[in-house]
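Descriptive analysis of the structure
Below are the chains, spelled out letter by letter.
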Amino acid sequence: MPAPSAGPSTGSGAPVRYRQLTTGTLALGVLLLIDVLRVWLPGIITIFGQAASTPAELMGAFALGWFVLALGAPAMVRRVGARPVTVVAAVALAVARLTLTAAPGGRTQLWVATAGLLAGLVWLVAVAADTVRPVPGLALGFAVNAAVHAVLDTVDLVWRGDWVAWLLSVVAVTVFLVGTAQPGQRGGADAARTGTVDGPDGPADARGGPGGGRAWLVAGPALLLAAMVALSPALARTGMSYLVGDGVARSPLFGLAPVPVAVAGFLGAALTRPPRGWGRAYGPATLLTGAVLFALDRGDLLLPAILLAAVGLGACLALTDDSTDDTSDAADASASRRGYAVAAGMLVFALGAVGYYSAYDLGYPNAAVPVVVAVLIAAVAFTARPVAHRLPGPFPPLRATAAVTSLALLAPVLADEVPVASNRDGPPQRLTVVAYNIRMGFGLDGRFDLTGLAEVVDRQRPDVVLLSEVDRAWLLNGGHDTLDLLADRLGMPYVFGPAADPVWGDAVLSRWPVRDPRSLPLAAVGAPTGAQALAVTLDLGDGVRTAVVSTHLQPPPDTGPVVQARAVADFAIRYAAGRPLVVGGDLNTEPGDEAFTEFTRAGLVDALATARPMATSPADDPRQQIDHIFVSPQLTPADPVAPRSTASDHLPVAVTVTLPPR
């Protein structure tokens, strides 16, 4: 006996087009939310508080509070209805995203980003109430965001502010709002009870009804691992820069080449049917392996960590897409559970991010955080029960993967620049040295200000630049490769020495070829953030060599960095082996302090002595003399300056040294 008709048919193409629309809208919303997060997260440590001075517990409480507040959104959705909440929250997210493109800076920027974050969380909860198959949309959102982030050279449209950034931002927001405004189905509860939909609204596997809880639960943890490891263009380029070995990183060729590979592996695994039986374990096992490799904090393991985590994360998402974890007959209760699931998952995102990065202020081990998050995702995915008859996804997996991968393939062509150092005619008579703590690229107003950093450095016409607080991929700071971006703007290749971890430390940029780089890890002596000393030799031509050491001393609680200063001075003298020597950076000690005298006791000369007092911190009202350059007696320093700028919380220091006659 034929089954009764569920209503008038509108043709097979309409449901497919509808599911494509809802999936695409979800992906766009995820992309906009990630854009907001890339502004909001740095705002916690540059606007709300100050890293290493404001208590990490206070900053963490501020961050977590908004995610806890979002746990009330499912109750609001149940009372008001998913549709109106979705529309209002989408408009608020879109307005916040466009407002951030104006880059207001300061408290305004922080509160606009906070409003956008909260709107995005509420939007996710409302969308979850009506969406039981979110994996295609989530996966596309993560992958497209990574591809676009790579093509933009890790500087998002939010921070650019030119007409192209405005145009693309307006287009993305408009398409998102148009997709959100399209009429939805009759409602999750009705669809679950009747198994029908209104007109072209699509099958119940896409919207409404029971199911989808596991996929929504892992959305937040998956976002954390995607942004930290699996789909981080900055981390990919940093991994490429370690390929030479010897514990330091150098300007790489085609540094973004791993990004399309990771995107293809992630999206291909996420959109295809997972294997059955014990074959389902390959995704969780691969994800865990990638997370463990990342947690080992070794630069030479970053590339395998990225690629394994990308494939494993995609495969785990596919397992949750195959689940029938929620079989309740009450669709409104199912919708509520999905809302609580995504809100709880985003709280895991916040806990993981705060827990991981707070360790650099509080001093506890953080390597377990990505592993624990990976275990959570793997457990939820592997225990999901597969369905017997899985309907096709809204997009053909191969075509969708190829399209996004093609976008990512533009990154190595458009965004990769490799400055080249070359000898000029004969050795120079003088070298201009700049030392600068760049605060991960963020100015005093909390804006990502590469232009300001590059301008104040370039005005000194430097031959060599020593950088402190260099961030190359921290999600907390927006996921930028600040070092590569600044090197491109200055036209100077770099050598990077890891301190806190493989993507945070100190660097030397040079217009002259660099030889024999070495990095010396320094004893922590109670300071939570790691420290190191990076030594390089400048090849100035005709056999003339000059040694350069860049460092950032981290004082232990209530005392100066005496032990580290002594270690750096000894290391620098041994490394130079009688050649001219320059040592500089943020030394966190003032003239006359015991740590300062460790350098002069080693025979080095204060290159800034003729301009004392030369305060460098804080940049808007300098009172402390903590950024220094020392030179060996063979070098004659002249014209020391600390040019004013608010592109960082420190001022740079610069000096010109005359080389000894040959």
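Note that residues are indexed from 1 along each chain, following the sequence as it is written. In keeping with the predicted nature of the model, local features appear solely for residues at pLDDT of at least 70, side-chain atom pairs appear and are counted solely at 80 or more, and the whole-chain, interface and lining totals rest on all residues. Remark: hydrogens and water are excluded; side-chain values derive from all non-hydrogen atoms of the structure.

**Points about the overall build of the protein chain**
Only DSSP runs of H or I covering at least 4 residues are called helices, and only runs of E covering at least 2 are called strands; the numbering of each starts at the N terminus. In terms of helices and strands, the protein chain carries 22 helices and 13 strands. Its C-alpha atoms give the protein chain a radius of gyration of 27 Å, within 12% of the compact-globule value 26 Å for 662 residues. Each of the three principal axes of the protein chain carries a C-alpha extent, and together these read 100 × 45 × 40 Å. Buried positions account for 60% of the 662 residues belonging to the protein chain. Throughout, a residue-residue contact means that at least one pair of heavy atoms, one from each residue, lies within 4.5 Å. Sequence-distant contacts in the protein chain: of pairs separated by 6 or more residues, those separated by 24 or more amount to 78%. Treating the 45 positive side-chain charges of the protein chain as one cloud and the 51 negative ones as another, the clouds have centres 7 Å apart. The quantity called the radius of gyration is restricted to C-alpha atoms. Its globule counterpart is 2.2 Å times the number of residues to the power 0.38. Summary of the burial criterion: residues with accessible area below 20% of their type's maximum are buried, those above 50% are exposed, and those between are partly exposed, where the area comes from a 1.4 Å probe applied to protein chains only. We treat Lys and Arg as the positive residues and Asp and Glu as the negative residues; His and chain ends play no part in the count. A charged residue contributes its charge at one atom only: NZ of Lys, CZ of Arg, CG of Asp or CD of Glu.

**Here we look at the nonpolar core**
Nonpolar cores are built from buried Ala, Val, Leu, Ile, Met, Phe, Trp, Tyr and Cys residues. Side-chain atoms within 4.5 Å join them into one set. Among the nonpolar cores identified, the biggest contains 157 residues, and Trp40, Phe67, Trp216, Phe266, Leu467 and Leu509 are the most heavily contacted of them. Not counting residues up to four positions away in its chain, the partners in contact with Trp216 are Leu26, Leu124, Val127, Ala128, Thr131, Pro134, Leu138, Arg338, Ala341 and Val342. The next biggest cluster of nonpolar side chains, apart from the first, holds 29 residues, and it includes Leu466, Val508, Val548 and Val582.

**Some remarks on the sheet that holds strand β4 (residues 494-501)**
Strands pair, by our definition, only if DSSP identifies at least two bridges between them. In space, the seven strands of this open sheet follow the order β1-β4-β5-β3-β2-β13-β12, with mixed pairing throughout. Whereas interior strands pair on both sides, the edge strands pair on one side only; in this sheet they are β1 (249-250) and β12 (636-641). Summarising the sheet, strand β3 (residues 464-471) and strand β5 (residues 504-510) pair through six bridges and their orientation is antiparallel. Residue pairing in the sheet places Leu466 in a bridge with Val508 of β5. Each axis is a line fitted through C-alpha atoms, taken for helices only over the stretch in contact, and angles between the N-to-C directions span 0 to 180 degrees. Of the strands in this sheet, β3, β4 and β5 touch helix α20 (residues 482-490), which is tilted by about 150 degrees from β3.

**With respect to the packing of aromatic side chains**
Within 6.5 Å between ring centres, the rings of Phe, Tyr and Trp (the latter by its six-membered ring) count as paired, and their orientation is classed by plane angle as stacked under 30 degrees, edge-to-face over 60, tilted in between. Taken as a whole and assessed by the stated rule, the structure comprises 22 aromatic pairs. The interplanar angle of 25 degrees and the centroid separation of 6.5 Å between the aromatic rings of Trp40 and Phe62 together place this pair among those described as stacked. Placement of Trp40 in helix α1 (residues 13-48) and of Phe62 in helix α2 (residues 56-69) is noted, with a sequence separation of 22 residues between them. The pair formed by Trp40 and Phe62 is uniform in burial state, with each residue classed as buried. Ring centres of Phe48 and Phe62 lie 4.2 Å apart, and the angle between their planes is 15 degrees; this geometry places the pair in the stacked category. One end of the pair, Phe48, is in helix α1; the other, Phe62, is in helix α2, with 14 residues separating them in the sequence. What makes Phe48 partly exposed here is its relative accessible area of 21%. Aromatic rings pair up to connect Trp40, Phe48, Phe62, Trp66, Phe67, Trp111 and Phe349 into one cluster. By definition here, charges over rings are those cases where NZ of Lys or CZ of Arg is within 6 Å of the ring centre and within 35 degrees of the ring normal. Cation over ring: Arg472 sits above Phe496, and NZ or CZ is 5.3 Å from the ring centre. Here Arg579 stacks its cationic end above the ring of Tyr575, 5.5 Å away from the centre of that ring.

**Some words on unusual backbone geometry**
Along the chain, Arg612 connects to Pro613 via a cis peptide bond; the corresponding omega equals -5 degrees. For Pro613, the location among the structural elements is in the loop between β10 (605-606) and β11 (627-631). Look at the link from Ser617 to Pro618: it is a cis peptide, with omega at -10 degrees. For Pro618, the location among the structural elements is in the loop between β10 and β11. At Asp153, a residue that is not glycine, the phi angle is positive and equals roughly 60 degrees. What makes Asp153 buried here is its relative accessible area of 11%. Even without glycine at this site, Arg439 takes up a positive phi of about 45 degrees. By secondary structure assignment, the location of Arg439 is in the loop between β2 (430-437) and α19 (450-458).

**A short note on the packing of helix α14 (residues 282-295) against helix α17 (residues 368-382)**
Two elements in contact, α14 and α17, have axes whose closest approach is 9 Å; the angle formed by their N-to-C orientations is 175 degrees. Our classification of the angle between α14 and α17 gives roughly antiparallel. Across the interface between the two elements, Pro284, Leu287, Leu288, Ala291, Val292, Phe294 and Ala295 of α14 pack against Pro370, Val371, Ala374, Val375, Ile377, Ala378 and Phe382 of α17. Residue classes follow a fixed rule: Ala, Val, Leu, Ile, Met, Phe, Trp, Tyr, Cys and Pro count as nonpolar, while Asp, Glu, Lys and Arg count as charged, and any other residue, Gly among them, counts as polar. Taken together, the residues that form the contact of α14 with α17 break down as 14 nonpolar, no polar and no charged. What sets the label is the angle itself: under 35 degrees gives roughly parallel, over 145 gives roughly antiparallel, 65 to 115 gives roughly perpendicular, and the rest give oblique.

**Describing the pattern of salt bridges**
Salt bridges are counted wherever a side-chain nitrogen of Lys or Arg sits within 4 Å of a carboxyl oxygen of Asp or Glu. Scanning all chains against the criterion turns up 19 salt bridges. Close ionic contact of Arg38 with Asp156 constitutes a salt bridge, the shortest N to O distance being 3.4 Å. Placement of Arg38 in helix α1 and of Asp156 in the loop between α6 (135-151) and α7 (157-160) is noted, with a sequence separation of 118 residues between them. This pair shows no difference in class: Arg38 is buried, exactly as Asp156 is. Taken together, the shared-partner salt bridges connect Asp153, Arg237, Asp416, Arg472, Asp481 and Asp484 into one network.

**Some remarks on the sheet that holds β10**
A sheet is described by the order of its strands in space; here six strands give the open sequence β6-β7-β8-β9-β11-β10, paired in mixed fashion. On the outer flanks of this sheet lie β6 (514-522) and β10, each paired with one strand and no other. Alignment of β6 against strand β7 (residues 531-539), held across seven bridges, turns out to be antiparallel. By the bridge assignment for β7, Arg518 is matched with Ala535. Sheet strands touched by helix α21 (residues 562-576): β6, β7, β8 (545-552) and β9 (581-586). Its angle to β6, the strand with the most contacts, is close to 155 degrees. Running at roughly 15 degrees to β11, helix α22 (residues 594-601) makes contact with β9, β10 and β11 of the sheet.

**Some details on α21**
Here, expected helix span is obtained from the residue count minus one, scaled by 1.5 Å. Taking 1.5 Å as the rise per residue, α21 with 15 residues should run 21 Å; its terminal C-alpha atoms sit 21 Å apart, in good agreement. Turning to α21, its buried residues number three or more, namely Val562, Gln564, Ala565, Val568, Ala569, Phe571, Ala572, Tyr575 and Ala576. Looking at the buried positions of α21, the neighbouring elements they touch are β6, β7, β8, β9 and α22. With its phi angle positive at about 50 degrees, Ala577 sits one or two positions after the end of α21.

**Some words on the packing of helix α13 (residues 258-271) against helix α15 (residues 302-321)**
One can describe the packing of α13 onto α15 by two numbers: an axis separation of 6 Å at closest approach and a directional angle of 20 degrees. Here α15 runs roughly parallel to α13, going by the angle between their axes. For the pair α13 and α15, the crossing hand works out as right-handed. Together, Pro258, Val261, Ala262, Gly265, Phe266, Ala269 and Ala270 of α13 and Leu303, Ile306, Leu307, Ala310, Val311, Leu313, Gly314, Ala315, Leu317 and Ala318 of α15 make up the contact between the two elements. Here the residues of the contact of α13 with α15 sort into 15 nonpolar, two polar and no charged. The crossing is said to be left-handed when, going from far helix to near helix, the turn is anticlockwise and less than a right angle, and right-handed when the turn is clockwise.

**With respect to the confidence of the model for the protein chain**
Put simply, the protein chain has an average pLDDT of 89, and 90% of its residues get 70 or more. Per-residue confidence from the predictor is reported as pLDDT, a score between 0 and 100. Scored below 50 in pLDDT, residues 185-209 shows 61 contacts in the model against residues more than four places distant or in partner chains.

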